[in-house]
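A closer look at the structure
Read off the chains here:
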Amino acid sequence: MEYLEGLDNSELVSIHNEYCQSAGSSDDEIFSNDEEFFETFFSGKVVEAVRAATYGDYDFSHDYVMFNGYANLESFNDPTDHVDLSAICDDILENERNYSDVELEDPEEEEEEDEDEEEDDAV
């Protein structure tokens, strides 16, 4: 859990999206609020994009965007309100193979690295 809490927003969104794919809930994925998002989901569908933004809670200046339960857009800057860390932790423990791209350090290894750094600093 500490590892997840220490991630920056981009890393958190990435592991959240891996969790969504692992759990079969791709509708909950979070995307960067950029041109690529709109090209991917609304290419040639300007009216659909405007409808999704109008009926959703969308702000062009936000960093992230996702679809709400009605296929409308919800945007935000802080993804932590949309990420369930404990569910991700549980899924990592149950389905470790789904997270092969995630580098999770063993807490004992982390402690050893910290001790080694402290010893180096003392010398």
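Described below are features of the structure shown in this document. Just so we're clear, the structure is a prediction, and the values are computed from it rather than from any experiment.

Thresholds, definitions, all that
- Residues numbered from 1 in each chain as written.
- Predicted model: local features only at pLDDT ≥ 70, side-chain atom pairs only at ≥ 80, totals over all residues.
- Heavy atoms only, no water.
- Helix = DSSP H or I, 4+ residues; strand = E, 2+ residues; numbered from the N terminus.
- Buried < 20%, exposed > 50% of the residue type's maximum accessible area, 1.4 Å probe, protein only.
- Contact = heavy atoms within 4.5 Å.
- Areas by Shrake-Rupley, 256 points an atom, 1.4 Å probe, with all protein chains shown as cover.
- Phe/Tyr/Trp six-rings, centres within 6.5 Å; stacked < 30°, edge-to-face > 60°.
- Axes fitted to C-alpha atoms, helices over the stretch in contact; angles between N-to-C directions.
- Parallel < 35°, antiparallel > 145°, perpendicular 65-115°, else oblique.
- Left-handed = near helix turned anticlockwise from the far one by under 90°.
- Nonpolar A, V, L, I, M, F, W, Y, C, P; charged D, E, K, R; others polar.
- Expected span 1.5 Å × (residues − 1).
- Polar contact = N/O pair within 3.5 Å; in protein donor to acceptor, adjacent residues only side chain to side chain.

Scanning the chain for helices and strands turns up six helices and three strands. When the elements of the chain are put in sequence order from the N terminus, they spell out α-α-β-α-α-β-β-α-α. Within the chain, the fraction of its 123 residues that count as buried is 28%. Contacts in the chain between residues far apart in sequence, at least 24 positions, make up 52% of those at least 6 positions apart. Summed over its atoms, the accessible surface of the chain is roughly 8,600 Å², and 43% of this surface lies on carbon and sulfur atoms.

What follows concerns the packing of aromatic side chains. Taken as a whole, this structure holds eleven aromatic pairs when the rule is applied. Between Phe31 and Phe37, the aromatic rings sit 5.5 Å apart at their centres with planes inclined by 40°, giving tilted as the arrangement. For Phe37, a relative accessible area of 3% gives the class buried. Geometrically, the ring pair formed by Phe37 and Phe41 is tilted, given 5.0 Å between the ring centres and 45° between the ring planes. Taken as a pair, Phe37 and Phe41 lie in helix 3 (residues 35–42) at a separation of four residues, close to a single helical turn. Put simply, the rings of Phe31, Phe37, Phe38, Phe41, Phe42, Tyr58 and Phe67 touch in pairs and so form one group of aromatic residues.

With that settled, consider the packing of helix 2 (residues 9–23) against helix 5 (residues 85–94). Relative orientation of the contacting elements helix 2 and helix 5 amounts to 60°, with a least axis distance of 10 Å. Between helix 2 and helix 5, the interaxial angle falls into the category oblique. Relative to helix 5, helix 2 is oriented so that their crossing is left-handed. Between helix 2 and helix 5, the residues in contact are Leu12, Ile15, His16, Tyr19 and Ser22 and Leu85, Ala87, Ile88, Asp91 and Ile92, respectively. Across the contact of helix 2 with helix 5, the residue classes break down as seven nonpolar, two polar and one charged.

With that settled, consider helix 2. The end-to-end C-alpha separation of helix 2 is 21 Å, in line with the 21 Å expected for 15 residues at 1.5 Å each. What helix 2 keeps buried is the set Leu12, Val13, Ile15, His16, Asn17, Glu18, Tyr19 and Cys20. Elements that come into contact with the buried residues of helix 2 comprise helix 1 (2–5), strand 2 (64–67) and helix 5. You can read the cap of helix 2 off the contacts: a side-chain oxygen lies 3.1 Å from the backbone nitrogen of Ser10, and it is on Asp8. Just downstream of helix 2, Gly24 is the residue with a positive phi angle, here 75°.

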